[in-house]
Amino acid sequence: MESAHNETMHGVSFSEYRLSWVAYIQALIVFFILCGIGVGLGIFNQALSIFAVIASFIVFAYQVLYLRSMVLFTNDDGVWLYRGVFPWDKGIIGVKWRDIEDAVFYTGFVSWAFNSYSIKVGHRFTKASELSIPNVRNGKDAVGHINQIHRERLDNSGETYR
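The present account deals with the structure reproduced in this document. Each chain carries its own residue numbering, running from 1 in the direction its sequence is written. With the structure being a predicted model, the display of local features is reserved for residues of pLDDT at least 70 and the display and counting of side-chain atom pairs for 80 or more, all residues being used for whole-chain, interface and lining totals. With hydrogens and water set aside, each side-chain value is computed from the structure's full complement of heavy atoms.

On to the pattern of salt bridges. Salt bridges, as used here, are contacts in which a Lys or Arg side-chain nitrogen is within 4 Å of a carboxyl oxygen on Asp or Glu. Here the structure, examined in full by the defined rule, presents three salt bridges. Between glutamate 130 and lysine 120 there is a salt bridge, with its nearest N and O atoms 3.6 Å apart. Highlighted residues: glutamate 130 in the loop between β7 (116–123) and β8 (131–137) and lysine 120 in strand β7, separated in sequence by ten residues. An identical accessibility class is assigned to glutamate 130 and lysine 120; each is buried. In this structure, a network of salt bridges that share partners links the residues Lys120, Lys127 and Glu130. Numbered from the N terminus, helices here are DSSP runs of H or I no shorter than four residues, and strands are runs of E no shorter than two. Relative accessibility decides the category of a residue: with a 1.4 Å probe and only protein chains considered, values under 20% of the type maximum give buried, values over 50% give exposed, and everything between is partly exposed.

To continue, consider the environment of glycine 108. Following the sequence through the fold, glycine 108 ends up in the loop between β6 (100–106) and α3 (109–114). For the pair formed by glycine 108 and serine 118, sequence separation is ten residues and the distance between their alpha carbons is 9.8 Å.

Each pair of aromatic rings taken from Phe, Tyr and Trp, with Trp reduced to its six-membered ring, is defined by centres within 6.5 Å and is described as stacked if the planes are under 30 degrees apart, edge-to-face if over 60, and tilted in the remaining cases. Evaluated as defined, the whole model comprises nine aromatic pairs. Summarising the aromatic geometry, the rings of tryptophan 21 and phenylalanine 114 are spaced 5.1 Å apart at their centres and angled 80° between planes, so their arrangement reads as edge-to-face. Of the two residues, tryptophan 21 sits in the loop between β2 (13–18) and α1 (24–41) while phenylalanine 114 sits in helix α3, which places them 93 residues apart along the sequence. Its relative accessible area of 44% is what places tryptophan 21 among the partly exposed residues. The class for phenylalanine 114 is partly exposed, based on a relative accessible area of 39%. Ring centres of tyrosine 62 and tyrosine 66 lie 6.2 Å apart, and the angle between their planes is 25°; this geometry places the pair in the stacked category.

Of note in this structure, asparagine 115 is not a glycine but carries a positive phi near 50°. Checked against the element boundaries, asparagine 115 lands in the loop between α3 and β7. We note that asparagine 135 has phi near 60°; this positive angle belongs to a residue other than glycine. Along the chain, asparagine 135 falls in strand β8.

Okay, here's the thing in structure tokens:
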């Protein structure tokens, strides 16, 4: 299982989930298309062809590093997504526990067959602050974990949403 479970200082189970290998397929397809274009350019100009193939490799490497940097995790404060390759690109976005409406995963044959689910963590007040992450490995387990902690927090606080 590609998740880690630890305890935080308030007893909430800290979990992290990464993307499935299915997420890398799009980057691979783009790489092959760009390489094909680069090789095709070799008919006209060999130097341009070499440049296009090298550029396609750089784009592919960046996409892979970016996908590998994406980590969905929970802690005492909420549900968060860390992502970024370069220092100016790194950051965390998320939803605090008090603002979560629910977490859902989307089913389909590919999701079921490869255990790679697209998930959405809803925000109670605004759709712009929702987390939507495609191809999360064990995404079904991540959604169950998020909803369980959210339910426990609601039961402990006595808060109801109406």
